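What follows is each chain in one-letter form.
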Amino acid sequence: MEKTKDIGRRRFLSMAALTVAVAELGGLNLLKAEERPIAATARKKASRASTLFDNIKQIKAGVLDVGYAEAGPANGQPVILLHGWPYDIHSYAEVAPLLAARGYRVIIPHLRGYGSTKFLLEHTPRNGQQAAVAVDIIALMDALKIDKAVIGGFDWGARTANIIAAMWPQRCKAMVSVSGYLIGSQQANAKPLPPKAELAWWYQFYFSTERGRLGYETNRHDFNKLIWQTASPDWKFSDEVFEQSAASFNNPDHVAVVIHNYRWRLGLADGEAKYDSLEKKLATTPAISVPTITMEGDANGAPHPDPASYAAKFTGKYAHHNIAGGIGHNLPQEAPKAFADAIIEAAGFAG
């Protein structure tokens, strides 16, 4: 009888131990299950972006064969999203699906000198002046038969959006511009800035030299990664995220376009005569009447104007949003929902 009790006791203890083990294992599985949605969400975002940007389309527009990503229904309200330097279309990897899900037709082109965008003719100047980049986007709209679009951008992209809104308001339904009003001129850029402001433009002076051109040609990958880090000091982007965009800097015209852009700004390189009339108008810093939302991140480490300095430039329906949370220069990629919401809000301004 005692023996039977011992066997029963041992069985009970074994079962108890097994139950505890199973419970612990179940707890571990539960923990993993709780972690899984986070990883799954990241994978889904990466997959969604990969699918979007693995299917780059090409279209001849103006002097270029433009590479662009497209998302959303073909009959949706067109939205054109423009990147800056040194970034590319991946700045909108998460913005595009959000807008597409709301029924917008989203077009994200590689600017001249980036990605798969190429010049059609060898002798065309590798010109980076502001007017040329803006005319490129008007030509793209014509080629895609887009009469009017909501246009959003940051850095070079914001300046381009500003120019289109100011010079061709009939083509711009509404605008979202990171860092506000960025239209400039060689005359304005000839005026010296306070020392601290000049320091922030160190790369502009570097690019003014032959040493700088050679340095950028040789080290464009590491150079641009440094710019990402200094322009968005709180953004902990991964190597994988950077490499997605870095591939675009291998464009054969990239260095020439970038160097010309910054040298033209300082009056150290000539533009093309066909843009002289447009540049003369832009030098007057024209007001923008189309419905506009301007945005600024709270941790933008790149040179940028104070919002109070440009608010009066927007004479139509207007709002400004400061985005908190350590958001730097590449606002669409760092705060995609805030940027997508601004596009939707601006489109609503226009009715």
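Since we're looking at a predicted model, the values are computed, not measured.

This part takes up the environment of Pro109. Along the chain, the position of Pro109 falls in strand 4 (residues 105–109). Classification of Pro109 as buried rests on a relative accessible area of 1%. Note: C-alpha distance between Pro109 and Leu140 (31 residues apart in sequence) is 8.7 Å. Apart from residues lying up to four places away in sequence, Pro109 is in contact with Val66, Gly67, Tyr68, Ile80, Leu81, Leu82, His83, Ile89, Ile137 and Leu140.

With that out of the way, let us pick up the packing of aromatic side chains. Scanning the model with the defined rule gives 31 aromatic pairs in all. Look at Phe242 and Phe249: their rings are 6.5 Å apart centre to centre, the planes differ by 55 degrees, and that puts the pair in the tilted class. Classification of Phe242 by relative accessible area gives buried; the value is 0%. With 5.0 Å between their ring centres and 5 degrees between their planes, Phe314 and Tyr318 make a pair best called stacked.

Attention now goes to the side chain of Ser179. Position of Ser179 among the secondary structure elements: in the loop between strand 7 (172–178) and helix 5 (186–189). On the basis of relative accessible area, Ser179 is assigned to the buried category, the value being 3%.

Looking now at the packing of helix 3 (residues 130–143) against helix 4 (residues 156–167). Where helix 3 contacts helix 4, the axes come no closer than 9 Å and their chain directions differ by 70 degrees. Judged by the angle between their axes, helix 3 and helix 4 are roughly perpendicular. Residue-level contacts link Gln130, Val133, Ala134, Ile137 and Ile138 of helix 3 to Arg159, Thr160, Ile163 and Ile164 of helix 4. Here the contact of helix 3 with helix 4 is built from residues that sort into six nonpolar, two polar and one charged.

We now examine the confidence of the model for the chain. Per-residue pLDDT for the chain has a mean of 89; in total, 86% of the residues score no lower than 70. Mean pLDDT across the secondary structure elements of the chain bottoms out at helix 1 (residues 2–54), with 43, and peaks at strand 3 (residues 78–82), with 99. Across residues 1–43 the pLDDT falls below 50, and counting only partners more than four positions away or on other chains, this stretch makes one contact in the model.

Criteria and cut-off values
- Residues numbered from 1 in each chain as written.
- Predicted model: local features only at pLDDT ≥ 70, side-chain atom pairs only at ≥ 80, totals over all residues.
- Heavy atoms only, no water.
- Helix = DSSP H or I, 4+ residues; strand = E, 2+ residues; numbered from the N terminus.
- Buried < 20%, exposed > 50% of the residue type's maximum accessible area, 1.4 Å probe, protein only.
- Contact = heavy atoms within 4.5 Å.
- Phe/Tyr/Trp six-rings, centres within 6.5 Å; stacked < 30°, edge-to-face > 60°.
- Axes fitted to C-alpha atoms, helices over the stretch in contact; angles between N-to-C directions.
- Parallel < 35°, antiparallel > 145°, perpendicular 65-115°, else oblique.
- Nonpolar A, V, L, I, M, F, W, Y, C, P; charged D, E, K, R; others polar.
- pLDDT = per-residue confidence, 0-100.

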